There are 4 protein chains.
Amino acid sequence: MALEKLGTEIRREQIVEAALSLIAAQGVRRLSVAALARRVGLVPSALYRHFKSKQEILDAAVQLVQRRGLDNLKEVCASTPNALERLKLLLMRVIKMIRELQAMPRIVFSEGVSADHPERKRQAYVILTGFLSAIEGIMREGQERGEVRTDLDAKTLAVMFWGMLPPVVILWHMSDGAFDVTRQAERSWELFSEAIRAR
Amino acid sequence: MALEKLGTEIRREQIVEAALSLIAAQGVRRLSVAALARRVGLVPSALYRHFKSKQEILDAAVQLVQRRGLDNLKEVCASTPNALERLKLLLMRVIKMIRELQAMPRIVFSEGVSADHPERKRQAYVILTGFLSAIEGIMREGQERGEVRTDLDAKTLAVMFWGMLPPVVILWHMSDGAFDVTRQAERSWELFSEAIRAR
Amino acid sequence: MALEKLGTEIRREQIVEAALSLIAAQGVRRLSVAALARRVGLVPSALYRHFKSKQEILDAAVQLVQRRGLDNLKEVCASTPNALERLKLLLMRVIKMIRELQAMPRIVFSEGVSADHPERKRQAYVILTGFLSAIEGIMREGQERGEVRTDLDAKTLAVMFWGMLPPVVILWHMSDGAFDVTRQAERSWELFSEAIRAR
Amino acid sequence: MALEKLGTEIRREQIVEAALSLIAAQGVRRLSVAALARRVGLVPSALYRHFKSKQEILDAAVQLVQRRGLDNLKEVCASTPNALERLKLLLMRVIKMIRELQAMPRIVFSEGVSADHPERKRQAYVILTGFLSAIEGIMREGQERGEVRTDLDAKTLAVMFWGMLPPVVILWHMSDGAFDVTRQAERSWELFSEAIRAR
DNA sequence: TATGAATGAGGCTTCATTCAT
DNA sequence: GATGAATGAAGCCTCATTCAT
């Protein structure tokens, strides 16, 4: 019994991983139940033993990305107390996670996740605001430590920091590697960090 | 039922407008020929009198957005010679055009447009780089006039300016208006303009 | 594109000719009203001024072939009184008319002509039996003149003579010229004429 | 509605049989996926579990007819060594198989099968020449045994024998049974066999 | 747990035909 | 007599999902 249940747990992970991988590679539209099943070595109908619907798989995928993102954040916070260093580290990690993160906008902008059920859209928004809150926390600490300007409120700064991520992801997506994303991110960071650093 | 018969030029415009509107509202995937036809008050097959295929409609939509974007840019450039003023104006116009612009990322991230034919992906990239070139021009002029810092190259500055747009669009999309996009854009602009202004 | 308005009689002929030509070249299925209209330099809807429907055009085409066939027959009969010579001449003419005749089986075997309306099928059958009757007449005369065996009835002989045509047409159609149809027809004729010649 | 679930092998056969039957009855053009599905008691999309496309079904149908034809030939050859007896048997079997054989010319003349892809036309030609070769073999054996005239080459004789089939099929098709096909075939055979028999 | 057949909704497209101009 | 827009029926196919085994 316990073994069976574990089996399901493992399958769920397998499936969600496969989903993220397929989405990153080919987009949500190409993520057919059939393709997904093929990827995990099952038959389409078998997926329905582990998930109620395709939508549920997408939800799980979104949550996985969220979890990874938060883990990432915690690790970064643990590695240094300095706000600017934390933020830079975070930004650079995005470059590495970009494949996975790419699934994120694709899901968000993809219909079938967001369009029909306002519920799902709200959920994505919740995730975003959660992320923003975390950044806001870092900003606030940075302000308290005197590392960050205090004439701009932490919330706004958080949004502006986050705002560096979408362009990076989009450029990476569109350019197929032709654009030097790392370099661009570093330049952006220079400008941004210089602008928010306390004087 | 019986609707007026309109010239094909008018119909084409109507259809493309409707397509953009539907994409902005529900995404590319939901843009079915049926929905599109319903929107313009025709029967699905009637669209094929004016376009050879659905893909051709999407192409036309992309081109329309591109054209609008460039027109916008020209108008802005015509209204003032000052680089920072031009850029601010441009940014603020985006807020107004947001409905239409929203169709843009959806098209870009949609696999129906880009995934199958790498050709289309490349096309979108060409459009983006065209836009970036224009901004770069503004930046360079600004540097020559002494309005913009010269220790950062115009190209990088252009990308950074463009980088303010995606977050704005995404926030607007995700928050359903809960987020005060205008205010956020203004704050972003303050920070950005301050950072790039020549001292 | 300044289109002359032509009398309906001329137009009807034009259209039917075009139909036969298109059918011979590409088959009935490809004979769309649009293609037909293009061929005669009109717009599809214009055809409906001259014919009530596509079906009517096909009917007219069938009748035209019939008429041509009968004309052919008359000419052949006029050229010589000898039965065997008449038949040989007729057979050889088929080789020349093959393009046009090819439209015949295509129409007969094509659905939309025969399948739905038993009426049309019957009509084709009437044409065939008309042709057979004519041949039967030739045979009978030949028998009376002592040129043809009399131990086989004229009707059967007629059918057998006609039976040489379909293979010729089919081979021509299928082989795209690889098969030496003329040679084959001559051999067939030798065997057949020898077999029916009075001794 | 809920019909039994059958193994895919059985279904494939069922479907192909149904296809042949529908083609014989109404022609290729009328062979819609919907009609086919209805005939086998399934929903249209269900067919796509067993065949990749409609074209694949047609291909299978062609192959089935071919296989049946060859089986027929083998059986006939096994039943007697005498060339003329073999040929007569073969001819008479055609009368029985006529329903199925009727699908054959319809497929051959149908543009849906042959016109678009010259490949298919060629394939049909290959089948025909294969059949002709087999007949040629019988003729040659007959000549060696002294049963068949040797002043006509086997190849030509084969084509002439095959040439008796199309008229039979056509007459049966057109006359809806009004024509006594069996009798006609017998007469044709008498004449033909008499003409080729060695003296 | 996994399979494989079957379903039903929906998607794009073609085409003969009608109708106002 | 001719045009061009619009229609409606029909056609092929995809896909998420269900269900019996």
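Computed from a predicted structure; not experimentally measured.

Engineer: Quick one: what's the story with the overall build of chain A, residue by residue and with numbers?
Structural biologist: The helix and strand inventory of chain A stands at nine helices and zero strands. When its C-alpha atoms are laid out on the principal axes, chain A stretches across 60 × 40 × 30 Å. Considering only contacts in chain A between residues 6 or more positions apart, those separated by 24 or more positions represent 65%. With an accessible surface of roughly 9600 Å², chain A has 53% of that area assigned to carbon and sulfur atoms. In chain A, which carries 30 positive and 24 negative side-chain charges, the distance between the mean positions of the two groups comes to 5 Å.

Engineer: An account of the relation of the copies chain A and chain B is requested, with residue identities and associated values reported.
Structural biologist: Between chain A and chain B, which share one sequence, the superposing operator has a rotation angle of 178° and an axial displacement of 0.0 Å; the RMSD is 0.6 Å. Classification of the inter-copy transformation places it as that of a two-fold axis. Comparing interface residues between copies, 96% of those in chain A also sit at the interface in chain B, which points to an isologous, same-surface contact.

Engineer: Provide a residue-level description of the relation of the copies chain D and chain C, including the pertinent values.
Structural biologist: Superposing chain D onto chain C takes a rotation of 178° plus a shift of 0.0 Å along the axis, which leaves an RMSD of 0.6 Å. Counting the interface residues of chain D, we find that 100% of their copies in chain C are interface residues as well, pointing to one common contact surface.

Engineer: Run through the interface of chain D and chain C, naming residues and quoting values.
Structural biologist: Facing 45 residues of chain D, the contacting portion of chain C comprises 47 residues. Here chain D meets chain C over a buried area of about 4400 Å², counting both sides, of which 66% is carbon and sulfur. Connecting chain D to chain C are six salt bridges. Note that C:Glu194 is salt-bridged to D:Arg149, the shortest N-O span being 3.0 Å. Counting across the chain D and chain C interface gives four residue pairs in polar contact (both at pLDDT 80 or more). Ranked by the residues each element gives to the side of chain D that touches chain C, the list is headed by helix α10 (residues 181-196) of chain D, at nine residues. Residues belonging to the side of chain D that touches chain C are distributed by class as follows: 23 nonpolar, nine polar and 13 charged.

Engineer: Help me get a handle on the packing of aromatic side chains, residues and values and all.
Structural biologist: Residues and elements named next belong to chain C. Overall, the coordinates contain 12 aromatic pairs over all chains when judged by the stated rule. Ring centres of Phe161 and Phe192 lie 6.2 Å apart, and the angle between their planes is 50°; on these two criteria the pair is classed as tilted. Placement of the pair is Phe161 in helix α7 (residues 154-162) and Phe192 in helix α9 (residues 181-196), with a sequence separation of 31 residues. Across the pair, exposure class does not vary: Phe161 and Phe192 are buried alike.

Engineer: Can you tell me about the side chain of C:Glu147, naming the residues and giving the values?
Structural biologist: Residues and elements named next belong to chain C. Residue placement: Glu147 occurs in the loop between α6 (118-144) and α7. Lacking a salt bridge, the buried Glu147 has Arg145 as its closest oppositely charged neighbour, with an N-O distance of 4.1 Å. At 2.7 Å, the side chain of Glu147 forms a polar contact with the backbone nitrogen of Ala83. Look past the residues within four positions of Glu147 in its chain and what remains in contact with it is Pro81, Asn82, Ala83, Leu84, Gly142, Ile196, Arg197 and Ala198.

Engineer: Report on the packing of helix α8 (residues 154-162) of chain D against α10(D), specifying residues and quantitative values.
Structural biologist: Residue and element names in this part refer to chain D. It is the contact of α8 with α10, at a shortest axis distance of 11 Å, that shows an interaxial angle of 170°. Viewed along their axes, α8 and α10 adopt a mutual orientation that is roughly antiparallel. Facing α8, whose interface residues are Leu157, Met160 and Phe161, α10 presents Trp189, Phe192 and Ile196. Taken together, the residues that form the contact of α8 with α10 break down as six nonpolar, no polar and no charged.

Engineer: Any chance you could break down the nonpolar core for me, citing the residues and the numbers?
Structural biologist: Side chains of nonpolar character tend, in soluble globular proteins, to be buried together. Counting residues in each nonpolar core, the largest one holds 117 residues, and the members touching the most others are C:Phe161 and D:Phe161. Looking at this core element by element, the count peaks at 14 residues for helix α5 (residues 83-109) of chain C. Residues A:Met139, A:Val148, A:Ala195 and B:Leu165 belong to the second largest nonpolar core, which totals 71 residues.

Engineer: Which residues make up the interface of chain A and chain B, and what values do they have?
Structural biologist: Counting residues at the interface gives 47 residues for chain A and 45 residues for chain B. Of the roughly 4400 Å² buried between chain A and chain B, counting both surfaces, carbon and sulfur atoms make up 66%. For the pair chain A and chain B, the number of links is six salt bridges. Put simply, A:Asp153 and B:Arg187 hold a salt bridge, and the shortest N to O gap is 3.7 Å. Linking chain A to chain B there are four residue pairs in polar contact (both at pLDDT 80 or more). Secondary structure elements with two or more residues in the side of chain A that touches chain B: α5 (83-109), α6 (118-144), α7 (154-162), α8 (165-175) and α9 (181-196) of chain A. No other element matches the nine residues that α9(A) contributes to the side of chain A that touches chain B. Split by residue class, the side of chain A that touches chain B holds 23 nonpolar, 10 polar and 14 charged.

Engineer: Outline the environment of C:Gln102, supporting the account with residue identities and numerical values.
Structural biologist: Residues and elements named next belong to chain C. Within the secondary structure layout, Gln102 lies in helix α5. You can call Gln102 buried: its relative accessible area is 3%. The sequence separation of Gln102 and Leu89 amounts to 13 residues, and the corresponding C-alpha distance is 19 Å. Leave out the neighbours within four places in its chain, and Gln102 touches Ala24, Val169, Trp172 and His173.

Engineer: Could you give me a rundown of the protein's contact with DNA strand E, with the residues and numbers involved?
Structural biologist: Lining the immediate environment of DNA strand E, one finds 36 residues, of which A:Ser45, B:Tyr48, B:Lys54, D:Ser45 and D:Arg49 sit closest. Near-protein atoms of DNA strand E (within 4 Å) split between backbone and bases, with sugar and phosphate holding 59%. Between DNA strand E and the protein, one listed contact pairs a phosphate oxygen with a side-chain N or O atom of B:Lys54 at 2.6 Å. A distance of 2.8 Å separates a phosphate oxygen of DNA strand E from a polar backbone atom of C:Val33. Among the elements that take part in the surface near DNA strand E, helix α3 (residues 44-50) of chain D stands out by supplying four residues, more than any other. In the surface near DNA strand E, the residues fall into 16 nonpolar, 11 polar and nine charged.

Engineer: Go over helix α8 (residues 165-175) of chain C with me, naming the residues and quoting the values.
Structural biologist: Residues and elements named next belong to chain C. Counting buried positions along α8 gives 10 out of 11 residues, so the element sits mostly inside the fold. Of the positions making up α8, those classed as buried are Leu165, Pro166, Pro167, Val168, Val169, Ile170, Leu171, His173, Met174 and Ser175. One or two positions beyond α8, positive phi appears at Asp176, with a value near 55°.

Calculation notes
Residues numbered from 1 in each chain as written. Chains lettered and ligands numbered in written order. Predicted model: local features only at pLDDT ≥ 70, side-chain atom pairs only at ≥ 80, totals over all residues. Heavy atoms only, no water. Helix = DSSP H or I, 4+ residues; strand = E, 2+ residues; numbered from the N terminus. Contact = heavy atoms within 4.5 Å. Areas by Shrake-Rupley, 256 points an atom, 1.4 Å probe, with all protein chains shown as cover. Lys, Arg positive; Asp, Glu negative; His and termini not counted. Charge placed at Lys NZ, Arg CZ, Asp CG, Glu CD. Least-squares fit on C-alpha atoms with pLDDT ≥ 70 in both. Buried area = accessible area lost by both parts, 1.4 Å probe. Salt bridge = Lys/Arg side-chain N within 4 Å of Asp/Glu carboxyl O. Polar contact = N/O pair within 3.5 Å; in protein donor to acceptor, adjacent residues only side chain to side chain. Nonpolar A, V, L, I, M, F, W, Y, C, P; charged D, E, K, R; others polar. Phe/Tyr/Trp six-rings, centres within 6.5 Å; stacked < 30°, edge-to-face > 60°. Buried < 20%, exposed > 50% of the residue type's maximum accessible area, 1.4 Å probe, protein only. Axes fitted to C-alpha atoms, helices over the stretch in contact; angles between N-to-C directions. Parallel < 35°, antiparallel > 145°, perpendicular 65-115°, else oblique. Core = buried A, V, L, I, M, F, W, Y, C linked by side-chain atoms within 4.5 Å. Near = heavy atom within 4 Å.

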